[in-house]
Each structure stands twice: as C-alpha cells, then as structure tokens.
Amino acid sequence: MVPLHWCLLWLLLPLSLRTQKLPTRDEELFQMQIRDKAFFHDSSVIPDGAEINSYLFRDTPKRYFFVVEEDNTPLSVTVTPCDAPLEWKLSLQELPEEASGDGSGDPEPLEQQRQQITNEEGTELFSYKGNDVEYFISSSSPSGLYQLELLSTEKDTHFKVYATTTPESDQPYPELPYDPRVDVTSLGRTTVTLAWKPSPTASLLRQPIQYCVVINKEHNFKSLCAVEAKLSADDAFMMAPKPGLDFSPFDFAHFGFPSENSGKDRSFLAKPSPKLGRHVYSRPKVDIQKICIGNKNIFTVSDLKPDTQYYFDVFVANSNSNMSTAYVGTFARTKEEAKQKTVELKDGKVTDVFVKRKGAKFLRFAPVSSHQKVTFFIHSCLDAIQIQVRRDGKLLLSQNVEGIRQFQLRGKPKAKYLIRLKGHKKGASMLKILATTRPSKHDKLRTCSSATVAWLGTQERNKFCIYKKEVDDSYNEDQKKREQNQCLGPDTRKKSEKVLCKYFHSQNLQKAVTTETIKGLLPGKSYLLDVYVIGHGGHSVKYQSKVVKTRKFC
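Residues numbered from 1 in each chain as written. Predicted model: local features only at pLDDT ≥ 70, side-chain atom pairs only at ≥ 80, totals over all residues. Heavy atoms only, no water.

An unreviewed UniProt entry annotates the protein as Protein NDNF originating from Ursus maritimus.

This is the structure:
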C-alpha cells in the first residue's frame, strides 16, 4: 500500500520537528487505530480503507483531511447521505515545505501553520449536491493535502465516508450485476413477488453476503443508511449527537452546547444540559419494513393492502464489512379487491337472493321517478341476515333481519340506493327482497290477508308441508324456542293448522328455493309458520319457525 497520511495537521504535527513536512504513518499503529473506530470520532481524520459514520448540523459545514505523499496514487472517495441531501466537494492543496519562523529556526506555532494550509482555497477536484451515493475515483492522483467539505442545508443529518488508496483490491462494497434492476414477477391483491440477479460478490468472489428487502409507501431509498435512519428515528424527537461520538469536542463547544464545568477546566466532554442539549424535531411515523433474507434472490412480500402503491428496494450487504450497495428499486400497485356483481332491483318486483355463509351480496335500486319515500320488504327464509342501505353513499340503515321485515326510508330526487346483504356466520342465507316507491301497490310479501313464505329445498324429491298457527302479539322468542322441537313431526299438529303439502326438488342447491302464499289470514294478526320436510319412510324434519304479522290496513 502506498504510504498515506490522514491527519489533522494542527493536532498531530510533532512539536519537536524543525521542518514542517507531515510525518510518515506508522502502519502498524495506524491499522490498530482503524480497528478501534472510536479513534476517529473526535477528529477530522479519514482513515484509509475504513468507513466512518458522522453527523452534520444544518447549515454548518464539516471538513475532513488526508494527505497523499506520492504522485500517481490511486484514490477513491465515497460519500453516502443518510436521511438528507448533502453538498460536498473534494479539493487539493499543495503540502507546505520549509517555514522560517521569522528566521529563528524554530517551527511556526500550530495555529499559524493551520491557517497557512486551511486558508488557501486549493484546487477543486469534484463536487456534488443531492442524496445519491456518489463517488470520486482517480487512478492516478497527485500528492498533496486533500480536503473533503460537507454541508447539509435541509436538516441535521447522518452520513458515511469511505476513502482508500487501493480501490482495486479493497472492494468493500458488494458489486451489482450487469442488470441491477429489481423486477416484479407476480402481483396480487395482498402479495408482490420480487426477483433480482445475484451479486458477483457472492457468485464470483465467494464473499459472504446477504440481501435485505425494504418496503414502504413513500419513495425508493438510495442507501441502506437512509433506511436505517428512518427506522431508528424516534416518533417524538431525535436526540442531538453526543460529543466524542458523532462530532469533535471542538465542534461541541462551537455549537453552543453548555458544559457544567466549562469555565475552569474546559472539559468539552461534559454532558450538555438536558434542556439545552436536546434538539427536538417533529417526525411523522413512517410505514417502512426491512427484511433481511440471506442469499436468496427471490422474495414474496405478503400482508399488503389491496389497491395500494408500494416501493420496493433491495440492498446487498457484505457480511464481513457490513457495507452495502443498493439495487435499482421499483414500485407497484397491488390489485384491487374483486368487485362484487351488483344486482339491479326493479321497482315493485320481488328478487330472490342467496348469500353464502359469511358472504356478501350487493344490490342497487335506482327509482326512475321522483319519490318522497322508498320501502324495502325483506323476507329472510333461513338464518338471520344483516342489511345495510346507503343513499348516495350515506348510510341510512344497518340492522339484522330475521323473518319478514319492512323498512321505510325518506326519499330524495334522483337518489340511488346501494343495499349490502351480509350472510350469517352459521350458515347460508336465502331471502326475498322487494324495493318500491309505491308500497301500497307492491306489498306482495305481506298483506292484510296473506303472507308469502320461502324455504330452501333439497336435491332429492321430498314432500314439504306448511302449517300455520295464530299467536298473540305478545308471542316472544322464549315461547318460540319451546316449540322448536325438530323431533316432533306434523302428526302432532292440529288438522286445522295445515295449509298444504307439495313435492319439490332441484339439483342446484343455490336455486332450490320454493315459495308459497298463505291466504285466508286475518288483518293485524300474528301467525307462527312452520315447514316440515318429509323424507322416505315418513321421517320428518322441521325448519326454523317464523312469526309473521299481517298488515292491519290495506
């Protein structure tokens, strides 16, 4: 490795040297310092071949220095912004030669020497502004003092810097394949499958790597550092960095953080006052997920929301150095929920509806004429069903229906009604529904002298018998349950209660529905209605009883 000095001139120059040339690096000592990353936290030193993490305050530049002793030295500098765009530039200054010290032969004071070097503008080699991971690479760099200056104008932020004079052999960042794009190979309502080409670092160089997949709803990320900055951000505030870890103790004093005993011993490492030492920033919660999956290059993301746009990023990380490279991310919108077929209701027409267990059906009623009221007649033939009615998106009704019910809602000119029927969790539901703007002419399910009953039949041909029984208006659920003994057949009923018997069957169970209108009823009276199915051998089963009340006025 070509000798390289990476040092702060005014901190590390030996006081005993008469010449002002920078010292040669003690390679063994320097390698030990690289392994001890904490050595670099309190200085503006960029080590050769090691990545440093640091912190920038908004609108306050930070400078790093390193020295290249010999001409024609390869050089590579990489800057990784984390959670904010950066402005940075790399410049070159000539190394100072001899200094006279006013003819005394003594070396110049350190402060004068620092001013001599840092006050010079130098030659700008490269500059960049943005949030991409950006590189400066030169196969043959001149000797001299290199200065890296960084600035964040948006907010306080973290960043990473890596520099090396042996870029060909180091290769700390995993390589990307010739096609670095992340592809979406499968798209569903709640899942997305991603695939990408493997990194040559694993396949050719045989170095240990792992892939990390990042999912969020906002944007793609340029670096894993930016992802981790989002993940580690506190919901309420972000603590300012501590001296000696994220920035120089000199910076710590410069930015105005107080020290409890700074007046006497200039202890820059003293803890800041809790009131003044914490900078508080309001941060919105970020819906972001990071999943590391080993060395697989295909992954299915699950538990996504339908009809939602997501951004997907893949990062390949070197398991030894923990340094990473970003693939070219992608985005995709999950598919919409399967749209339910909507049944159109006609004014005054009875519609049969079958709803699966826990299923749902949507119906639409759009009166062709202006109306003041709309009436819904509902006859639930099997288990209870939940009905919701919305007028132009506004919820008007939400109830559970069992038996025969009637709902009258206020109308509105040119209004459209959306009816949602939700099945019971215990079993399928069968019902008849009628919607009308003229209820007096179209109440066919329940009149003053009749009631229409429907039930689900069987695939085999069986005999069905209907019985009716007048009950008091005070007839309640407890009395109804006492008469629900399904082991009691129609032979226990009075002959006067029998309405009729009929044979019926259908191969399609969803359409095996039959109805009968029971006539000869009295106005304003309640009736208990029962249906028995009688199979081979005379064995019978009773359907669930229904109580129906006829209309009082017609």
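There is more to say, and it comes next.
**Structural notes on the packing of aromatic side chains**
The tally for this structure, following the rule as stated, stands at 15 aromatic pairs. For the pair F464 and Y543, a centre-to-centre distance of 6.5 Å together with 55° between the ring planes defines the contact as tilted. Placement of the pair is F464 in strand β26 (residues 462–471) and Y543 in the loop between β30 (540–542) and β31 (546–549), with a sequence separation of 79 residues. Chaining the aromatic ring pairs together yields one cluster made of W88, F126 and F136. Just above the ring of Y503 sits the side chain of R461; from NZ or CZ to the centre is 4.3 Å. (Phe/Tyr/Trp six-rings, centres within 6.5 Å; stacked < 30°, edge-to-face > 60°. Helix = DSSP H or I, 4+ residues; strand = E, 2+ residues; numbered from the N terminus. Lys NZ or Arg CZ within 6 Å of the ring centre and 35° of its normal.)

**Focus on the pairing of strand β14 (residues 298–301)**
Residue alternation in β14 divides its side chains into a buried set, F299 and V301, and an unburied set, I298 and T300. Relative to β14, strand β11 (residues 192–195) runs antiparallel, the two being bridged by four bridges. Bridge pairing in β14 places L194 opposite F299. (Buried < 20%, exposed > 50% of the residue type's maximum accessible area, 1.4 Å probe, protein only. Pairing = 2+ DSSP bridges.)

**Things to note about the sheet that holds β14**
In spatial order, the strands read β10-β11-β14; together these three strands make up an open sheet with antiparallel pairing. A single partner strand is all that each edge strand has here, and the edge strands are β10 (183–187) and β14. Strand-to-strand twist in this sheet, taken as the mean axis angle between neighbours without regard to direction, amounts to 25°. (Axes fitted to C-alpha atoms, helices over the stretch in contact; angles between N-to-C directions.)

**Regarding the pairing of strand β29 (residues 526–534)**
Extensive coverage of β29 is indicated by the burial of nine of its nine residues. Taking every second residue as pointing to the same face, both faces of β29 are buried, with S526, L528, D530, Y532 and I534 on one and Y527, L529, V531 and V533 on the other. In terms of strand pairing, β26 meets β29 through nine bridges, oriented antiparallel. Note that in β29 the partner of Y467 across the bridge is D530. Here β29 pairs with β31 via four bridges, running antiparallel. Bridge pairing links Y527 to V548 in β31.

**Re the nonpolar core**
A general tendency of soluble globular proteins is for nonpolar side chains to be buried together. Grouped together as the largest cluster of nonpolar side chains are 22 residues, with contacts concentrated most on F376, I419 and L421. If you list the elements that add at least two residues to this core, you get β19 (350–355), β20 (360–365), β21 (373–391), β22 (394–410), β23 (417–422) and β24 (429–436). The next biggest cluster of nonpolar side chains, apart from the first, holds 21 residues, and it includes V77, L90, L92 and F136. (Core = buried A, V, L, I, M, F, W, Y, C linked by side-chain atoms within 4.5 Å.)

**Here we look at the state of the cysteines**
Scanning the entire structure with this criterion turns up three disulfides. Between the sulfur atoms of C82 and its disulfide partner C225 the distance amounts to 1.5 Å. Handedness of the C82-C225 disulfide follows from its S-S torsion of about 65°: it is right-handed. In this pair, C82 is assigned in the loop between β4 (73–81) and β5 (86–93) and C225 in helix α6 (residues 224–232), connecting sequence segments 143 residues apart. (Disulfide = S-S within 2.5 Å.)

**Here's the deal with the sheet that holds β4**
Sheet strands associate in pairs through backbone hydrogen bonding, adopting either a parallel or an antiparallel arrangement. Reading across the sheet, the four strands line up as β2-β9-β4-β7 and stay open at both edges, with antiparallel pairing between neighbours. The sheet terminates laterally at β2 (50–56) and β7 (134–141), the two strands that pair on one side only. Between one strand and the next, the sheet's axes are offset by a mean angle of 15°, whatever the strand orientation. In this structure, β4 lies alongside β7, joined through six bridges in antiparallel fashion. When the sheet's bridge partners are listed, V77 is paired in β7 with F136.

**Things to note about a positive patch on the surface**
Taken together, the side chains of R357, K358, K425 and K426 present a region of like positive charge at the surface. Looking at the secondary structure, you find R357 in the loop between β19 and β20. Taking the relative accessible area as the measure of exposure, R357 reaches 49% and is therefore partly exposed. (Patch = residues over 30% accessible without salt bridge, like charges linked within 9 Å, V, L, I, M, F, W, Y side chains within 5 Å. Areas by Shrake-Rupley, 256 points an atom, 1.4 Å probe, with all protein chains shown as cover. Salt bridge = Lys/Arg side-chain N within 4 Å of Asp/Glu carboxyl O. Lys, Arg positive; Asp, Glu negative; His and termini not counted. Charge placed at Lys NZ, Arg CZ, Asp CG, Glu CD.)

**Here we look at the side chain of Q388**
With respect to the helices, strands and loops of the structure, Q388 is situated in strand β21. Judged by relative accessible area, which is 17%, Q388 ranks as buried. Those residues in contact with Q388, other than ones at most four positions away along the chain, are L395, L397, S398, L418, I419 and R420. (Contact = heavy atoms within 4.5 Å.)

**Here we look at the confidence of the model for the protein**
In this model, the protein carries an average pLDDT of 76, and 74% of its residues clear a pLDDT of 70 or more. For the protein, the element scoring lowest by mean pLDDT is helix α8 (residues 262–265), at 36; β11 scores highest, at 96. Per-residue pLDDT stays below 50 along residues 98–105; that stretch engages in eight contacts with residues further than four places along the chain or on separate chains. Under a pLDDT of 50 for its full length, residues 234–284 has, in the predicted model, 79 contacts with residues more than four places off or in other chains. (pLDDT = per-residue confidence, 0-100.)

**Here we look at the pattern of salt bridges**
What the rule picks out here adds up to 15 salt bridges. Where R63 meets E149, a salt bridge forms, and the shortest distance between an N and an O atom there is 3.2 Å. With R63 in strand β3 (residues 62–68) and E149 in strand β8 (residues 144–151), this pair connects stretches of sequence that are 86 residues apart. Residue R63 is classed as partly exposed on the basis of its relative accessible area of 38%. Judged by relative accessible area, which is 19%, E149 ranks as buried. In this structure, the salt-bridge partner of K502 is E516, at a minimum N-O distance of 2.9 Å. Of the two residues, K502 is situated in strand β27 (residues 498–504) and E516 in strand β28 (residues 513–518); the sequence distance between them amounts to 14 residues. Given the relative accessible area of 18%, K502 is considered buried. One salt-bridge network, in which partners are shared between bridges, spans D179, R181 and K197.

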